[in-house]
Amino acid sequence: MAYDRAAATDFFHGQPYAMWDEERQHAPVMNMDGMSLGQGDGGSYHVLGWSEAEHVLRDAETFSSSINMAHIGEFMGELIVGLDGDEHRKYRNLVAKAFRQSQLERWDDTLVRPIIAKLIDEVAPHGRGDLVRDITSKYPVQVICGIVGVPLEDAEQFADWAVKINTGTLDRETGFAAKKAMTDYLRPLVEERREHPTGDFLSDLVHAEVDGHGLEEERLWGFLRLLLPAGAETTYRVMGNALFALLTHPDVMVRVQADFSLLPAVVEETLRWESSVTMVSRVAMHDTEIAGCPVKAGSPVNVICSAANHDPARFDHADQFDIDRPPALHVAFGTGPHQCLGMHLARLELRAGLEEILSRLPNLRFDPDAGDPAPLIEGFAFRGPNRLPVIWDR
Ligand code: HEM
């Protein structure tokens, strides 16, 4: 065994790719309880192969998302990621209205560009900083706050609630307190839009209707509580991963600095190579099999999207960051009926953020005097760098 399982699966500091590679070489689907590698007998399962992951995510009748309600649902409430079938379609159609293309274009001009520009204004004169502390940890959360109508000065408080709700299963009391605090805070904003819709995202959400039916109260709250963790935690870490990739591949950094049309390739390759969300959960609704591995009804099935994105059967030299690889779909945003609703916004933020950073902080490189620990992408279920100490030419 080329890896230490406890170290690989450490929630905050894990390095799981070597483990997933080795497991995938044995079987694309792994029974985690019996460790019997393909001999399913009632345990939980890890799906590691590309085509197997795609199969599970697309077959939502066999592999239900209801398991998500039992876990984070406790902290977030009625969740879109925890529903199946018609219930899910109805809910998704309602909230999708608030993510319409014209809103996205409006956010680009009114939120995304001004927010990243202001964050960079604050650090640019110093010639030295930590890109995680100073920029990435603030940027997507401020964008989501702006979208929901929360004043930017409260963004840090929101980031804190988002983290606590997201990790509520690890610290229940703190998770529940954050859930209540966020709801109390948002209630007046929701009531205001109910009375006086302004055409913004929150008004769209509160007033959305499909076939004469709107969002039920609990689902509106479930969606709002999910939005901040889903939109902020995820994108900020991927942005750190993209910057880490460029800083550790100076040849690519030079090319991108000279030609921003390469940025979409940088964003897609980062999502494939090191996404922030490594896995999504399903539960088998009846006895079935995946790639010949028997799976019993009621078994949890974890689709390891990040392992699927490193499957050598789909991607050559899969562990390397290579912006020139031929385009091929990845599953960093999932696929099938639950595919990420915020993926266009995430891509927009990532491209705009990287463009602003690279153009305003010239000759960006790691700070040789920053000391230990060396910057590193880490984590088991959520991955990103904790620090990116850098210097640039003023
Ligand atoms: C790079 C950043 C992001 C990553 C890696 C990511 C990843 C994912 C993944 C893997 C799923 C599928 C979950 C499943 O199948 O169970 C998902 C769903 C979702 N994401 Fe994202 N996401 C990102 C950004 C965002 C943003 C910016 C928003 C909103 C502003 C958002 C909102 C959602 C929502 C609402 C769903 C649930 C869709 C449904 O269940 O129908 N995400 N995301």
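Residues numbered from 1 in each chain as written. Predicted model: local features only at pLDDT ≥ 70, side-chain atom pairs only at ≥ 80, totals over all residues. Heavy atoms only, no water.

Engineer: Tell me about the site of the ligand, and name the residues and values.
Structural biologist: Taken together, 30 residues lie around the ligand, and His-88, Arg-92, Arg-282, His-338 and Cys-340 are the ones closest in. Side-chain polar atom of His-88 to an oxygen atom of the ligand: 2.7 Å apart, as the coordinates give it. Taking His-338, its side chain carries an N or O atom lying 2.6 Å from an oxygen atom of the ligand. Contributions of two or more residues to the shell around the ligand are made by helix 6 (85-96), helix 13 (217-248), strand 7 (280-284) and helix 17 (343-360). For the shell around the ligand, the residue count by class is 19 nonpolar, nine polar and two charged. (Near = heavy atom within 4 Å. Polar contact = N/O pair within 3.5 Å; in protein donor to acceptor, adjacent residues only side chain to side chain. Helix = DSSP H or I, 4+ residues; strand = E, 2+ residues; numbered from the N terminus. Nonpolar A, V, L, I, M, F, W, Y, C, P; charged D, E, K, R; others polar.)

Engineer: Before we move on, can you summarise the packing of aromatic side chains with the specific residues and values?
Structural biologist: By the definition in use, this model includes 15 aromatic pairs. Counting every residue linked through ring pairs, the aromatic cluster contains Phe-99, Trp-107, Phe-201 and Phe-223. In this arrangement the basic side chain of Arg-272 is found over the ring face of Phe-315, its NZ or CZ atom lying 5.2 Å from the centre. (Phe/Tyr/Trp six-rings, centres within 6.5 Å; stacked < 30°, edge-to-face > 60°. Lys NZ or Arg CZ within 6 Å of the ring centre and 35° of its normal.)

Engineer: Mind laying out the sheet that holds strand 4 (residues 128-130), listing which residues take part and the relevant values?
Structural biologist: Strand order across the open sheet formed by three strands is 4-14-11, with antiparallel pairing between neighbours. Two strands in the sheet have a free side with no partner beyond their single neighbour: strand 4 and strand 11 (365-366). In this sheet, strand 14 (residues 389-391) lies alongside strand 4 in antiparallel orientation, the contact comprising three bridges. Looking at the pairing, Asp-130 lines up with Pro-389 of strand 14. (Pairing = 2+ DSSP bridges.)

Engineer: Residues and numbers for the side chain of Asp-134, please.
Structural biologist: Mapping Asp-134 onto the fold places it in helix 8 (residues 131-136). A polar contact of 2.8 Å, which involves the side chain of Asp-134, links it to the side chain of Arg-133. What Asp-134 contacts, discounting residues up to four positions off in sequence, is Leu-119, Val-123 and Gly-129. (Contact = heavy atoms within 4.5 Å.)

Engineer: Report on the coordination of the iron atom of the ligand, specifying residues and quantitative values.
Structural biologist: Among all protein atoms, only Cys-340 (SG) binds the iron atom of the ligand, sitting 2.3 Å from it. Counting through the fold element by element, Cys-340 comes out in the loop between helix 16 (305-308) and helix 17. (Donors = N, O, S within 2.8 Å, 3.2 Å for Na, K, Ca; no water.)

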